[in-house]
Amino acid sequence: MNARPAENIGADKIVGHFINGADVADDNRPLAVTNPATGEVTKHVAMAAKATVEDAIAAADAAFPAWRNTPPQKRAKIMFRFKQLLEEHADEIVAALTDEHGKVLDDAMGEFFRGVEVVDYACGVSELLKGEHCKNVSLNVDSWSEFQPLGVVAGITPFNFPAMVPMWMFPMAIACGNTFVLKPSEKDPSAPMLVAHLFKQAGLPDGVYNVVNGDKEAVDTLLEDPRVQAISFVGSTPIAEYIYATGTRNGKRVQALGGAKNHAVVMPDADIDNAVSALMGAAYGSCGERCMAISVAVCVGDDTADEVVSKLKRELQGLKVGNGIESGNEMGPLVTRAHYEKVRGYVDLGLDEGAELVVDGRNLVVDGHEDGFFLGACLFDKVTPDMRIYREEIFGPVLCVVRAESQEQAMLLIDKHEYGNGTCIFTRDGEAARYFADNIQVGMVGINVPLPVPVAMHSFGGWKRSLFGDLFAYGPDSVRFYTRRKTITQRWPTGGVREKAQFSFPSNR
Ligand code: NAD
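Residues numbered from 1 in each chain as written. Predicted model: local features only at pLDDT ≥ 70, side-chain atom pairs only at ≥ 80, totals over all residues. Heavy atoms only, no water.

1. Side note on helix α4 (residues 105-122)
Relative to the 26 Å expected for 18 residues at 1.5 Å per residue, α4 spans 26 Å between its end C-alpha atoms, a close match to the ideal helical length. Listing the buried residues of α4 in full gives D107, A108, E111, F112, G115, V116, V118, V119, Y121 and A122. Looking at the buried positions of α4, the neighbouring elements they touch are α2 (72-88), α3 (90-101), α5 (125-128), α6 (164-175) and α16 (475-481). (Helix = DSSP H or I, 4+ residues; strand = E, 2+ residues; numbered from the N terminus. Expected span 1.5 Å × (residues − 1). Buried < 20%, exposed > 50% of the residue type's maximum accessible area, 1.4 Å probe, protein only. Contact = heavy atoms within 4.5 Å.)

As structure tokens, this is what we get:
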């Protein structure tokens, strides 16, 4: 492959862009990229100027007519090769993820393969694009609907899943016949670049997939350019809301997935040991930097809460925190110094607000990694809904335990919360679980499953202020998002017979 492996990129190197099938060097406003486990600057990434983004849009626009007319089966063949190349290069891409994001290798591998599963789904695009057909809707009149690609579409993605979240978007968009411009996170830019080179190697024509690195200037160019037909965004809620408002005002189709505060309800009858194991992974995996992380455990009854808290406390004593590249570690560092300060500030705030800090990770030092952005796991008990640590997304290894008296009270809390991304219930009671799943105001629900991230043949999305737009990411919704329905009604006059003009509205009355 042509891409430079992550380890060959030194601090003086600048990650540029991938436009029209080629690396584009760029030293415009280089931004430092750090290894969060060591605090070292390992490379820089260029912040694209407006003109560079316009070059990428122009390349995608030029590639669209031929790609749109490429038969879906041929597009699928490229997807098959792409999937195979992704699997062959998994180690290299996953190493880049850990190097720049900090998550432990196993977790990075999991993220990567959940992205590959969407490529897998995109391989079936010929089946997914089959239209709807009705014969003889009126005498000798046939009618059908088909799903046509939109044109140039753009994706803007967050730091926390630098491989998977772009793969939620571009494989399906491209399989449906669109061309694509990705603006990944500036915090961990290498994986998307490596993936772009593999797509080219799989046989993707130049210009169909482009990557521009950048910040607000790049994003605003995508939002304003009339050639961009649709935008998929994943990130924090304030930016999601901005993207949705600006993109739709400019006439684009927009789906903007935002932040979260995911609650797990622990019922008194739950298998508490298994619930505690599940909470450990869901709250502290990836250092809590997942949009589906459990950040609130709502324990029903004081006995349940006491048991959950004491067992979590015991488990947390054994949590292995360290450099994600070293095997055996379970939790790595936070992504940047600034994010570390922000999360740590929330722990201080929780104490000021009167919550009980049962486990305090603020003084953790990882030997040999004194400059890394490590924050130990933190556990708050007796958190109440008026506290900011309850209301706001912290996005770090901080779990808040809230005590509720009943399932109804627990559900009311969840329903009242601003976010509605994911939730789960731990119980042995099928009726309670069914009631929960039926009625809770959240987009993705787990029953004894702490991270109910839908697999590739379902679609991913939250409710309330966790999603702006109508359609979810990947899965069946992505076919609808990345295509426009056209309905054609056809009639061929028979036998040269001249028919009379009809002035009444045609119906089958
Ligand atoms: P972010 O909102 O800061 O950034 C996301 C993207 O928007 C990045 O590409 C960034 O460069 C760009 N951006 C940032 N500020 C901008 C601005 N002012 N104008 C235009 N573009 C801007 O998010 P993040 O910190 O990278 O990621 C973490 C957030 O993403 C969390 O809130 C998390 O919950 C959310 N997230 C949500 C989902 C989901 O599916 N709902 C998935 C993953 C992450």
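2. Focus: the site of the ligand
Taken together, the neighbourhood of the ligand is formed by 26 residues, with T157, K183, E186, S236 and E393 sitting nearest. K183 is positioned such that a nitrogen or oxygen atom in its side chain is 2.7 Å from an oxygen atom of the ligand. In this structure, an oxygen atom belonging to the ligand sits 2.6 Å away from a side-chain N or O atom of S236. Contact with the protein chains hides 88% of the accessible area of the ligand, taken as 840 Å² for the molecule alone. Within the residue set of the shell around the ligand, elements represented by two or more residues are α8 (216-224) and β11 (228-234). Looking at the shell around the ligand, its residues break down into 14 nonpolar, eight polar and four charged. Two domains each provide a minimum of three residues to the shell around the ligand, namely domain 1 (4-258 + 466-487) and domain 2 (262-447). (Near = heavy atom within 4 Å. Polar contact = N/O pair within 3.5 Å; in protein donor to acceptor, adjacent residues only side chain to side chain. Areas by Shrake-Rupley, 256 points an atom, 1.4 Å probe, with all protein chains shown as cover. Nonpolar A, V, L, I, M, F, W, Y, C, P; charged D, E, K, R; others polar. Domains from an automatic or database assignment.)

3. Considering unusual backbone geometry
Even without a glycine there, the phi angle at R29 is positive, about 45°. Checked against the element boundaries, R29 lands in the loop between β3 (22-24) and β4 (31-35). When its relative accessible area of 36% is taken as the criterion, R29 is described as partly exposed. Its identity is not glycine, yet C287 carries a phi of approximately 60°, on the positive side. By relative accessible area, C287 is classed as buried at 1%.

4. Topic: the domain arrangement of the protein chain
One can read the domain layout of the protein chain as domain 1 (4-258 + 466-487) and domain 2 (262-447). Computed from C-alpha atoms alone, the centre-to-centre distance between domain 1 and domain 2 is 31 Å. Overall, the association of domain 1 and domain 2 removes approximately 1,900 Å² of surface from exposure, summing both partners, and the carbon and sulfur fraction of that is 62%. Applying the counting rule to domain 1 against domain 2 returns one salt bridge. Salt-bridge contacts for R290 lead to D107; the nearest nitrogen and oxygen are separated by 2.7 Å. Connecting domain 1 to domain 2 are eight residue pairs in polar contact (both at pLDDT 80 or more). Within the residue set of the side of domain 1 that touches domain 2, elements represented by two or more residues are α3 and α4. Broken down by element, the residue count for the side of domain 1 that touches domain 2 peaks at four residues, all from α3. Among the residues forming the side of domain 1 that touches domain 2, the class breakdown is eight nonpolar, nine polar and four charged. (Buried area = accessible area lost by both parts, 1.4 Å probe. Salt bridge = Lys/Arg side-chain N within 4 Å of Asp/Glu carboxyl O.)

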